[in-house]
Amino acid sequence: MQAWQTYLDAAVEAARLAGSYQRHRFSSQLDVDMKGDKDLVTEVDRDSERLITGHLLARFPDHNILAEEGDYRRTGSPLRWVIDPVDGTTNYAHGFPWFCSSIALEADDQLVAGVIYNPIHDELFTAIKGGGAYLNGRRLQVSGHAPLRDTLLGTGFPYDCASDPANNFANFIAFQKAARGIRRAGAAALDLASVAAGRLDGFWELKLKPWDVAAGILLVQEAGGTVSSFDGSAFDISQNRIVASNGLIHHEMTGMLAAVAAKEME
Ligand code: IPD
Ligand code: CA
Ligand code: CA
């Protein structure tokens with residue numbers, strides 16, 4: 001556990017560096033490009049990625065990088081950083097103050113450290129494998145809310161939801177009926193951090209990318225929660241149907257997703 005602390009410290013520095021810049025540029029005039037129909041990228045996404053990768057590679061030049069906005073050469077290292085420089089880009093571009101950076105470290109494909117930083121709220125979520133999850137240094141524990149009807153859930157919708165039927169709409173309707181409420185806040189990494197912090201009791205989404213979920217998964221697990229694929233099987237960051245919960249409602253959530261999928265097959 002101690003072994004990963006140096007790396008976590010570097011990731012925290014990188015996230016704070018990007019966070020200060022994001023705070024500084026927030027609500028200013030931005031260059032915005034479209035990646036797809038609804039999918040934006042701003043100059044702040046690219047600059048933030050440069051700040052984060054620049055900081056990490058200056059410390060660890062032989063490490064691998066998987067990050068949303070760039071392509072990086074493969075090295076022979078077993079260590080890989082998985083980075084979303086701005087999670088919640090649509091929020092950022094619209095001046096809606098809910099976004100973060102997400103930085104995770106994998107060693108031999110295992111998540112070993114994770115940082116999620118919300119610069120507007122100055123909330124720093126950190127986790128080391130086997131060492132617990134923390135918010136600004138305070139230990140986190142998932143909620144004790146159950147059953148599903150007593151819970152608040154989070155989710156999101158893929159950018160191509162208007163053109164691809166795998167759009168999460170039917171799941172949303174089913175959970176909205178079954179749970180107390182659902183929030184679609186627009187930053188998957190913060191949704192996962194919110195499950196770790198007990199602010200949300202569960203989260204599910206499809207078509208997410210490794211950088212959306214890597215740090216958040218470790219946070220949820222280290223806060224005592226459960227992460228799986230929609231069918232309840234083990235989740236790894238290359239898959240794209242994730243369920244994360246306080247553990248108590250996990251079975252109900254995967255059951256609901258299975259029931260919706262079965263109905264859609266009819
Ligand atoms: C997006 C956010 C959003 C989720 C999208 C993601 P981005 O990431 O996490 O909550 O619903 O699917 O792509 O584009 O803001 O980094
Ligand atoms: Ca993202
Ligand atoms: Ca992003």
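The structure this text deals with has already been given above.
Residues numbered from 1 in each chain as written. Chains lettered and ligands numbered in written order. Predicted model: local features only at pLDDT ≥ 70, side-chain atom pairs only at ≥ 80, totals over all residues. Heavy atoms only, no water.

**Quick word on the packing of helix α1 (residues 5-25) against helix α2 (residues 43-59)**
Describing two packed helices takes the angle between their axes plus the distance from one axis to the other.
Phase 1 of the analysis: The geometry of α1 relative to α2 is characterised by a closest axis approach of 9 Å and an angle of 155 degrees between their N-to-C directions. It follows that α1 is roughly antiparallel to α2 by the angle criterion. As α1 packs across α2, the resulting crossing turns out to be right-handed. Facing T6, A10, A11, E13, A14, L17, A18, Y21, Q22 and R25 of α1, the residues of α2 in contact are E43, V44, D47, S48, L51, I52, H55, L56 and R59.
Phase 2 of the analysis: Of the residues contributing to the contact of α1 with α2, the split by class is 10 nonpolar, four polar and five charged. (Axes fitted to C-alpha atoms, helices over the stretch in contact; angles between N-to-C directions. Helix = DSSP H or I, 4+ residues; strand = E, 2+ residues; numbered from the N terminus. Parallel < 35°, antiparallel > 145°, perpendicular 65-115°, else oblique. Left-handed = near helix turned anticlockwise from the far one by under 90°. Contact = heavy atoms within 4.5 Å. Nonpolar A, V, L, I, M, F, W, Y, C, P; charged D, E, K, R; others polar.)

**Some remarks on the pattern of salt bridges**
Phase 1 of the analysis: For the structure shown, the criterion picks out 12 salt bridges.
Phase 2 of the analysis: In this structure, K35 and E69 form a salt bridge, with 3.2 Å as the shortest nitrogen-oxygen distance. Linking K35 in the loop between β1 (32-34) and β2 (40-42) with E69 in the loop between β3 (64-67) and β4 (79-87), this pair joins segments that are 34 residues apart in sequence.
Phase 3 of the analysis: A residue is classified by how much of its surface remains accessible, and K35, at 40% relative accessible area, is partly exposed.
Phase 4 of the analysis: The partly exposed category is assigned to E69, whose relative accessible area is 24%.
Phase 5 of the analysis: When the shortest N-O distance is used, the salt bridge between E123 and R199 registers 2.7 Å. (Salt bridge = Lys/Arg side-chain N within 4 Å of Asp/Glu carboxyl O. Buried < 20%, exposed > 50% of the residue type's maximum accessible area, 1.4 Å probe, protein only.)

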